[in-house]
Amino acid sequence: MSLADTAPADARVADPVRHRGATGRLVRSELALVLGRRRNLVLLVGLALVPVLLGLVLFLAQDAGLAGQGPPFVARVTGNGLFLVVASLFLCTPFLLPLTIGIASGDAIAGEASPGTLRYLLVVPVGRGRLLAVKALGALVFAAVAVLGIAVVGLAVGAALFGVGDLTLLSGTTVPLADGVLRVAGVVAYVGLSMTGLVAVGLFFSTLTEVPVGAMAATVVVAVVSSVLDQLPQVAVIHPVLLTHHWFDFAEMLRVVPSADVLAQGLAVQAGWVVVFGALAWARFTTADVSS
């Protein structure tokens, strides 16, 4: 008979309960830290200002003979405020969103290791794998809040400055307002899910160093290099699996019949990056010596 068999029944029941309680406290603490940190709040506010500034510029310029001009989606904003959400995400996706998410995810582990608080976190009755999962959850929640912040502010500003109504799709077909709102919500969801691969990359780099800035920079560099490679026809064979290649496939949501295959392929690529770099982060973090 093992020692576990001879232990009191209430003690055996209390042990998993104690672990679940510790995990719950750790999750709440992590979310409060990620969403309450002044630097992260400044980043979120900066992203939320993008639709405000874009909306004001377009509003002031619409009587200057410039209406209907500009990059895709941006030119459509003055006709329907719903497009301010899409245009803001379109402008933030190449650099501002990756920069913001790279900072948050790169800081997840390295930010605790640098001041030495990671050693004390491991004293909590939660395994390293579960601690890593909590850190990943915090980074994912931050990414979701970043994307939602742009969308909510964009919707509010767009409605106030340009109004909202039936949505004219990229093909010229007009759909009812309710359908348009659902399509824009699909755009927001797709952009948010498209950032999950970058979160996994940042989490991995964060396990490699005690210097948060290094992990943040490496994460952003991966996104930049992926974007550069995506523009080179010489390496077209690897384009479909690049981190950033499918980021703008959210445009499918604004077609008469969105291609499920295109959207699924983009999400599958992100899932692949999550699996690969999530596994690398787990392998590194569960075996690294952080006790000294």
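Structure first, text after, so check above.
The structure contained in this document is the topic of the report that follows. (Residues numbered from 1 in each chain as written. Predicted model: local features only at pLDDT ≥ 70, side-chain atom pairs only at ≥ 80, totals over all residues. Heavy atoms only, no water.)

Looking now at the overall build of the protein chain. When helices and strands are tallied, the protein chain shows eleven helices and two strands. Along the protein chain, from the amino end to the carboxyl end, the secondary structure elements read α-α-α-α-α-α-α-β-β-α-α-α-α. Looking at the protein chain as a whole, 42% of its 292 residues are labelled buried. Here the analysis covers contacts within the protein chain between residues at least 6 apart in sequence; of these, 75% occur between residues at least 24 apart. Put simply, the protein chain shows about 13,900 Å² of open surface, and 70% of that area lies on carbon and sulfur atoms. (Helix = DSSP H or I, 4+ residues; strand = E, 2+ residues; numbered from the N terminus. Buried < 20%, exposed > 50% of the residue type's maximum accessible area, 1.4 Å probe, protein only. Contact = heavy atoms within 4.5 Å. Areas by Shrake-Rupley, 256 points an atom, 1.4 Å probe, with all protein chains shown as cover.)

All right, on to the side chain of Thr 207 then. In this structure, Thr 207 sits in helix α9 (residues 196-208). Judged by its relative accessible area of 8%, Thr 207 is buried. In contact with Thr 207, not counting residues within four places along its chain, are Ile 109, Leu 132, Ala 281, Arg 284 and Phe 285.

This next bit is on the side chain of Ser 206. With respect to the helices and strands, the residue Ser 206 is situated in helix α9. Its relative accessible area of 0% is what places Ser 206 among the buried residues. If we ignore the near neighbours within four places in the chain, the residues touching Ser 206 are Ser 105, Gly 106, Asp 107, Ala 108, Ile 109, Ala 110 and Ala 215.

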